[in-house]
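Spelled out, the chains give:
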Amino acid sequence: MATSVSRYGVQSRQLNSTERWLCFAALFFLGFTATFNQFKAAPAIQFIGADLGMSVEMLSQIMGVFSIAGMLLAFPGMFVMQRLGIKFSIVVTSALQLVGSLICVFAPDTALFLAGRTLEGVAYGLICVIGPNIMPRLFPLKDQGLCMGIWSQWTPVGVVIAFFTAPMIFDAAGGAALAFSWRPIWYVSIAMEIVSIVWLLVSCKMPAIPENELVDGDPSRRKKPGRNYMLAGFVVCAFFFVWVFDYVANINTLYPTFLQNVKGLNVFDSAMLPNWTALISIPLGIAFGVVADKLNFRKWMIAGGYLLVALCMAFFYFTPGTDMTGPWTASILMGLCGALVPTGTRAIAPVLVPEPKKTDLVLATMAFATGVAQVVGGYIVSPIVASVGWQANAQFVLAPLAVLAAVAVIVFVKSDKKISEVRAEERARLEQ
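The rules we used
- Residues numbered from 1 in each chain as written.
- Predicted model: local features only at pLDDT ≥ 70, side-chain atom pairs only at ≥ 80, totals over all residues.
- Heavy atoms only, no water.
- UniProt positions renumbered as here; feature names shortened; annotations may be inferred.
- Helix = DSSP H or I, 4+ residues; strand = E, 2+ residues; numbered from the N terminus.
- Rg over C-alpha atoms; globule rule 2.2 N^0.38 Å.
- Buried < 20%, exposed > 50% of the residue type's maximum accessible area, 1.4 Å probe, protein only.
- Contact = heavy atoms within 4.5 Å.
- Salt bridge = Lys/Arg side-chain N within 4 Å of Asp/Glu carboxyl O.
- Expected span 1.5 Å × (residues − 1).
- Polar contact = N/O pair within 3.5 Å; in protein donor to acceptor, adjacent residues only side chain to side chain.
- Phe/Tyr/Trp six-rings, centres within 6.5 Å; stacked < 30°, edge-to-face > 60°.
- Lys NZ or Arg CZ within 6 Å of the ring centre and 35° of its normal.
- Core = buried A, V, L, I, M, F, W, Y, C linked by side-chain atoms within 4.5 Å.
- Axes fitted to C-alpha atoms, helices over the stretch in contact; angles between N-to-C directions.
- Left-handed = near helix turned anticlockwise from the far one by under 90°.
- Nonpolar A, V, L, I, M, F, W, Y, C, P; charged D, E, K, R; others polar.
- Parallel < 35°, antiparallel > 145°, perpendicular 65-115°, else oblique.

Per an unreviewed UniProt entry, the recorded name for the protein chain is MFS transporter, and the organism is Raoultibacter massiliensis. Quoted verbatim from the Subcellular location (unreviewed entry) heading of the UniProt record, the comment on the protein chain is "Cell membrane".

On to the overall build of the protein chain, then. Scanning the protein chain for helices and strands turns up 18 helices and 2 strands. For 432 residues, the compact-globule estimate of 2.2 N^0.38 gives 22 Å, and the protein chain sits close to it at 21 Å. Dimensions of the protein chain along its principal axes, counting C-alpha atoms only, are 75 × 45 × 30 Å. In the protein chain, which comprises 432 residues, the share counted as buried stands at 58%. Long-range contacts, defined here as pairs at least 24 residues apart, represent 84% of the contacts in the protein chain between residues at least 6 apart.

Our next topic: the pattern of salt bridges. Opposite charge on two side chains lets them pair, provided their charged atoms get close. As enumerated under the stated definition, the model contains 9 salt bridges in all. Arginine 183 is the partner of aspartate 51 in a salt bridge, and the nearest nitrogen-oxygen pair spans 3.2 Å. With aspartate 51 in helix α3 (residues 45–52) and arginine 183 in helix α10 (residues 183–203), this residue pair connects regions lying 132 residues apart in the sequence. Here aspartate 51 falls in the partly exposed class, since its relative accessible area comes to 24%. For aspartate 360, the salt bridge identified is with arginine 137, shortest N-O distance 2.7 Å. With aspartate 360 in helix α16 (residues 356–388) and arginine 137 in helix α7 (residues 110–138), the pair connects residues that are 223 residues apart, well separated along the chain. Like arginine 137, aspartate 360 is buried. Among the ionic contacts, a cluster of salt bridges with common partners joins Arg13, Glu19 and Lys205.

In this section: the side chain of asparagine 296. Among the structural elements, asparagine 296 can be located in the loop between α13 (267–295) and α14 (298–316). In this structure, asparagine 296 is in contact with Val291, Asp416, Lys417 and Ser420, ignoring residues within four places of it in sequence.

A few words now on the environment of glutamate 193. When you line up the elements, glutamate 193 lands in helix α10. Remark: the alpha-carbon pair of glutamate 193 and alanine 428, spanning 235 residues in sequence, is separated by 47 Å. If sequence neighbours within four positions are ignored, glutamate 193 has contacts with Thr33, Asn37, Ser94, Gln97, Leu98 and Ser101.

Let us now look at helix α4 (residues 61–72). With 12 residues, α4 extends 16 Å between its outermost C-alpha atoms, agreeing within 8% with the 16 Å of an ideal straight helix rising 1.5 Å per residue. In terms of residue burial, α4 counts as a mostly covered element, since 9 of its 12 residues are buried. The inward-facing, buried residues of α4 abut α2 (17–39), α3, α5 (74–84), α7 and α16.

Let us look at the side chain of arginine 183. Look at arginine 183 and you get buried, because its relative accessible area is 14%. Among the polar contacts made by the side chain of arginine 183, one reaches the main-chain carbonyl oxygen of alanine 107 at a distance of 3.2 Å. With near-sequence residues (within four places) excluded, arginine 183 lies in contact with Asp51, Leu52, Cys104, Val105, Phe106 and Ala107.

All right, on to the packing of aromatic side chains then. Under the criterion given, the structure shown has 27 aromatic pairs. Their ring planes at 75° and their centres at 6.4 Å tell us that phenylalanine 24 and tryptophan 151 sit as a pair that is edge-to-face. Note that phenylalanine 24 is positioned in helix α2 and tryptophan 151 in helix α8 (residues 144–151), a separation of 127 residues in sequence. No difference in accessibility class separates phenylalanine 24 from tryptophan 151, as the two residues are buried. An aromatic cluster is present here, built from Trp21, Phe24, Phe28, Phe29, Phe32, Phe66, Tyr124, Phe139, Trp151, Trp154 and Trp199 joined pairwise through their rings. If you follow lysine 87 out to its NZ or CZ, it ends over the ring of tyrosine 8, 5.1 Å from the centre.

Once that is clear, we can look at the nonpolar core. The tendency in soluble globular proteins is for nonpolar side chains to be buried as a group. Ranked by size, the top nonpolar core spans 134 residues in total, and within it Phe113, Trp243, Tyr306 and Met313 carry the most contacts. Of all the elements, helix α12 (residues 240–261) adds the most residues to this core, at 13 residues. In contact with tyrosine 306, other than residues within four places in its own chain, are Phe239, Phe240, Val242, Trp243, Val341, Ala402, Ala405, Ala406 and Val409. Judged by nonpolar contacts, the second largest core, of 5 residues, contains Phe288, Ala292, Ala339 and Leu340.

Here the focus is the packing of α5 against α16. In contact at an axis separation of 8 Å, α5 and α16 are set at 145° when each is read in the N-to-C sense. Judged by the sense of rotation from one axis to the other, the crossing of α5 with α16 is right-handed. Along its contact with α5, which presents Ala74, Phe75, Met78, Met81 and Gln82, the element α16 presents Lys357, Asp360, Leu361, Ala364, Thr365, Ala367 and Phe368. Class assignment of the residues belonging to the contact of α5 with α16 gives a composition of 8 nonpolar, 2 polar and 2 charged.

Let us now look at the packing of α2 against helix α9 (residues 154–172). Contact geometry of α2 with α9 gives a least axis separation of 7 Å together with a crossing angle of 50°. Comparing the axis directions of α2 and α9 gives the class oblique. The two elements α2 and α9 cross, and the hand of that crossing is right-handed. Contacts between α2 and α9 involve Phe28, Gly31, Phe32, Ala34, Thr35, Phe36 and Phe39 from the first element and Trp154, Thr155, Val157, Gly158, Val159, Ile161, Ala162, Phe163 and Thr165 from the second.

Pasting the structure below:
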């Protein structure tokens, strides 16, 4: 049974370029729909709680149960994908997302709503694993920079859509005057999820032989195992925790509150400033993905990105007073970081670890690190800020973490220029 299911969507031949990109487009739509689901609750979170009778202390669970599910499913999701196949796994994931949203939107009480959020989080966790693991199978290595550069923008795109549209949908539905005004936000996500399922059923296809098992895309030539830099792969993916903790858990989640309380911005303007970071990341991430393929400097993209994160946290994000020079500087620089760190991390993984199942393992580590950072951030960031203040948290927690990540990448991750030389030697030996 598992074998027949695992072949669902697998063609009897290799895919052409159009088929690859149509499949990618369907997967990307699913990805940013999942991110939209994660952040759609944030603008209306206090009104959701009021409608469902949640205490203030329980509000964090609206985001918490979503992230916990993603963390727990990182490694199981990898095994599910390997056992049941790509298309079956991704269609089921999309269906779980739809069921979760339907439960939320019709939930009469807190317990049922949180059950729905958990299912939405399950889908998000599976996409975190399955999505990047599909790319080496779908595209040849020469195209990995471009496809991973675009794929890495599924989070910024989802964030932008959520923070732009959720407040507008909420206000259009009646805003704070009506208890149920948050529910139309879920109606929009349900429509997106239905489109996603149909699109995946039509366009999600996999080649007869995964591209990462072929030599130069030639179906008649299978790769022989080359050297896998497993420690480097685990280090670079595990330290993605720092990116998610610093950026997602602190900036995407709490920075609007800082801007409202310290800088005096209104709700809309405080939500829009972090959006500029995401908007800057999107085109730059794609561009850096393409350039990284040509220049093989992914390691230094990642290390440099973390050092810029440290600079932003230490000196620009959380400046005192009402002056906005620091926040604007940080938001622009962080857009560059958003292009460097996620794109570089995802793109270097199959370079460091070319053996397919081992590639899956290091990318699952990245998904696990993402979930852990979101869960830890959800429970400790607010207490730390309340205890030491915004600026001290940035200077003594967030900036040192980013420096530590940069140092770990520099010390433990082999330069992809040197790896390209190793791969050339491996090919030369095989051809002798």
